[in-house]
Amino acid sequence: MLVDAFLTRATMSGDLSAAEPETEILEIYGDGGAEGFSDDKETQKFVNEFKKSSSVKKIKENFETLDHVTLNIGVTGNSGAGKSSFVNAIRGLSNDDERAAETGVTETTQTPAPFTHPTMPNVTIWDLPGIGTPKFKAKTYLTDVHFERYDFFIILTSERFKENDISLAKAIKKKKLLFYFIRSKIDNDINAEEKRRDFNKERMLSKIREDCEKNLKGVGNPKVFLISSFNINDYDFNKLIDTLEKELPETKQHALVLSLPVYSLEVLQRKKRHLQKMIWLTAFGSGAIAVVPVPGLTVACDYGIILSFLESVFRSFGLEDSSLQRLATRVQLNVMDLKAEIKSRFKDGVTHGTMKSLLATPSMASIITLKGLMSGAVPLGQLPAGAISVPIMHYLLNKGLKEMEKDARSVLGKAQLL
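Just so it is clear, the model here is predicted, and its values are computed rather than measured.

What counts and how
Residues numbered from 1 in each chain as written. Predicted model: local features only at pLDDT ≥ 70, side-chain atom pairs only at ≥ 80, totals over all residues. Heavy atoms only, no water. Helix = DSSP H or I, 4+ residues; strand = E, 2+ residues; numbered from the N terminus. Buried < 20%, exposed > 50% of the residue type's maximum accessible area, 1.4 Å probe, protein only. Pairing = 2+ DSSP bridges. Right-handed = clockwise from strand over helix to strand, strands pointing away. Axes fitted to C-alpha atoms, helices over the stretch in contact; angles between N-to-C directions. Contact = heavy atoms within 4.5 Å. Parallel < 35°, antiparallel > 145°, perpendicular 65-115°, else oblique. Nonpolar A, V, L, I, M, F, W, Y, C, P; charged D, E, K, R; others polar. Phe/Tyr/Trp six-rings, centres within 6.5 Å; stacked < 30°, edge-to-face > 60°. Lys NZ or Arg CZ within 6 Å of the ring centre and 35° of its normal. Left-handed = near helix turned anticlockwise from the far one by under 90°. pLDDT = per-residue confidence, 0-100. Polar contact = N/O pair within 3.5 Å; in protein donor to acceptor, adjacent residues only side chain to side chain. Core = buried A, V, L, I, M, F, W, Y, C linked by side-chain atoms within 4.5 Å.

Before going further, it helps to examine the overall build of the protein chain. Each helix and strand counted, the protein chain has 19 helices and 6 strands in total. Split into buried and exposed, the 418 residues of the protein chain put 52% on the buried side.

Here it is in structure tokens:
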């Protein structure tokens, strides 16, 4: 009844644009649902929660706080371990960027120094003084650096982990906080050894890892990740992110993944998976909030929610000018060559013009009547009358995500990072 009434109203009004080609819709939804759309358990969970007034409030609260989740990462280690370079690398900055943490062969960090992410101000990486320095004694280190502010700690060394590193890990463990060991400057080790006739890269990396783990037996059996801050996506970086995704709270995982610099296809795909999950919360969040009709459409959609989500995708995929410039500098290309790879409607950003184009193109009647949207994934008859916008929001957000992902892949290809 709900859908029939909508279709009749849409047909009579004449203010919906011509039907989007069904092949384009099927590109997003496939035969029965978009990625995650036909996941019956997840879908039913949202539908059931949406029908409960108390859960509607919860969905609304979760949606409204999604972009405001803070993430604080504490990076520590002895002098010369490469803390500042790592802080810069995970923010997508080079050491000579004007917003970079200061680096040097001596201890350059005298107090805990916060460095906000260049495109996600809610993510902060803290460059912490080395443990065991005159101002930061091992016994009082956690208290002195205000341990309660960090979501997890990274403990770096460029050689073997020493007694102070182990003492710190034990103290962090006692506080029931998360910590991870990183053996940095792996590229230096490889450069020093690769001219040997018997050089074997994998054997050398295994030996370094085993040596580090042996020194850390007193902490249990912690994992050690081998990292190069100058080639951040090489070696164990993705293993580290896999581990963090498993161990951090879900909202913190989201903030972490969206803040990663897009320097590889693996990171891009990781971001895409997170954003696809968040499309559900965004779509149902729009139904939990008083929606406002978009001029020219007979269906209520929340323009502000669509705009905010797509802006987040644009930044996270590294498509805004500042991220493109940092990538161009990294791979020694002209930034305009990278920008030219963005060929979708979002080539100039998420503007009111591109939003109008996105909203005006598809026929909402065609989307809702499409078999994939009507085949049990989201039984529209089970939703409150005001929630007709949920499948429409889901379609629009997926469409925007798909277009920007294609742009990001083209940029990576031009930068020879695929």
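This is not the end of the story, as more comes after the structure.
Most of strand S5 (residues 178–183) sits out of view: 5 of its 6 residues are buried. Looking at chain direction, strand S4 (residues 152–157) and S5 are connected through 6 bridges and run parallel. Paired with Thr 157 across the bridge in S5 is Arg 183. Handedness of the crossover is the feature at issue here: the chain leaves S4, passes through helix H7 (residues 163–174), returns alongside S5, and the resulting connection is right-handed. As paired strands, S5 and strand S6 (residues 224–226) are joined by 3 bridges and run parallel to one another. Looking at the pairing, Arg 183 lines up with Leu 226 of S6.

Our next topic: the sheet that holds S6. Pairing is mixed in the open sheet, where 6 strands are placed in the order S2-S3-S1-S4-S5-S6. A strand with exactly one partner marks an edge of an open sheet, and here the two such strands are strand S2 (113–116) and S6. Across the sheet, the mean angle from the axis of one strand to that of its neighbour is 30 degrees, orientation sign disregarded. Together, S5 and S6 form the strand contacts of helix H9 (residues 201–215), whose direction differs from that of S6 by roughly 150 degrees.

Our focus in this paragraph is the packing of helix H10 (residues 237–247) against helix H11 (residues 250–259). Between H10 and H11, the shortest axis-to-axis distance is 8 Å and the interhelical angle comes to 155 degrees. One finds that H10 runs roughly antiparallel with respect to H11. Of the residues in H11, those in contact with Ile 241, Leu 244 and Glu 245 of H10 are Gln 253, Leu 256 and Val 257. Split by residue class, the contact of H10 with H11 holds 4 nonpolar, 1 polar and 1 charged.

Before going further, it helps to spend a moment on the packing of aromatic side chains. Summed over the entire model, instances satisfying the criterion amount to 5 aromatic pairs. For the ring pair Phe 152 and Tyr 180, a centre distance of 5.8 Å and an interplane angle of 80 degrees mean the geometry is edge-to-face. With a gap of 28 residues between them, Phe 152 in strand S4 and Tyr 180 in strand S5 connect regions that are remote in the sequence. For Phe 152, a relative accessible area of 2% translates into the label buried. Each residue in the set Trp 126, Tyr 150 and Phe 153 is aromatic and connected to the rest through ring pairs, giving one cluster. Its guanidinium or amino end placed over the ring of Trp 126, Arg 149 lies 4.1 Å from that ring's centre, counting from NZ or CZ.

Quick look at the packing of helix H8 (residues 186–193) against H9 now. At a minimum axis distance of 11 Å, the contact between H8 and H9 shows a crossing angle of 130 degrees. One way to sum up the angle between H8 and H9 is to call them oblique. At the point where H8 passes H9, the crossing takes the right-handed sense. Where H8 abuts H9, its residues Ile 186, Asp 189, Ile 190 and Glu 193 lie against Lys 201, Met 204, Leu 205 and Ile 208.

Most of strand S3 (residues 123–127) is tucked away, with 5 of its 5 residues classed as buried. Alternating residues of S3 divide into Val 123, Ile 125 and Asp 127 and Thr 124 and Trp 126, and every residue in both groups is buried. Where S2 lies against S3, 4 bridges are found, and the strand directions are antiparallel. Across the sheet, the residue bridging to Ala 113 is Asp 127, located in S3.

Overall, the predicted model of the protein chain reaches an average pLDDT of 78, with 71% of residues at or above 70. Here helix H1 (residues 2–13) stands out as the element of the protein chain with the lowest mean pLDDT, 37, in contrast to helix H15 (residues 335–339), whose mean of 96 is the highest. The low-confidence segment residues 31–40, where pLDDT is below 50, has 23 contacts with residues more than four positions distant or belonging to other chains. Per-residue pLDDT stays below 50 along residues 288–300; that stretch engages in 39 contacts with residues further than four places along the chain or on separate chains.

Looking at the secondary structure, you find Ser 344 in the loop between H15 and helix H16 (352–360). Only 2.5 Å separates the side chain of Ser 344 from the side chain of Asp 407, close enough to count as a polar contact. Residues in contact with Ser 344, not counting those within four places in the same chain, are Glu 403 and Asp 407.

Here we come to the environment of Ile 154. For Ile 154, the location among the structural elements is in strand S4. The contacts of Ile 154, once residues within four sequence positions are left out, are Ile 73, Gly 74, Val 75, Thr 76, Phe 86, Tyr 180 and Ile 182.

On to the nonpolar core, then. Judged by nonpolar contacts, the single largest core of 70 residues is most densely connected at Phe 86, Ile 154, Ile 306, Leu 310 and Phe 317. Ranked by residues supplied to this core, first place goes to helix H19 (residues 389–414) with 10 residues. If near-sequence neighbours (up to four positions away) are discounted, Phe 86 is found in contact with Val 75, Ile 154, Leu 156, Ile 182, Ile 227, Ser 229 and Ile 232. Ranked by size, the runner-up nonpolar core spans 28 residues in total, among them Val 145, Phe 147, Ile 166 and Ile 186.

On to unusual backbone geometry, then. The phi angle at Lys 176 is positive, at roughly 60 degrees, despite the residue not being glycine. With respect to the secondary-structure elements, Lys 176 resides in the loop between H7 and S5. What makes Lys 176 exposed here is its relative accessible area of 77%.

As for its placement among the helices and strands, Lys 339 is situated in helix H15. The exposure class of Lys 339 is partly exposed, given its relative accessible area of 24%. For Lys 339 and Leu 319, which are 20 residues apart along the polypeptide, the C-alpha to C-alpha distance reads 8.0 Å. Setting aside its immediate chain neighbours within four residues, Lys 339 contacts Asp 321, Leu 324 and Lys 347.

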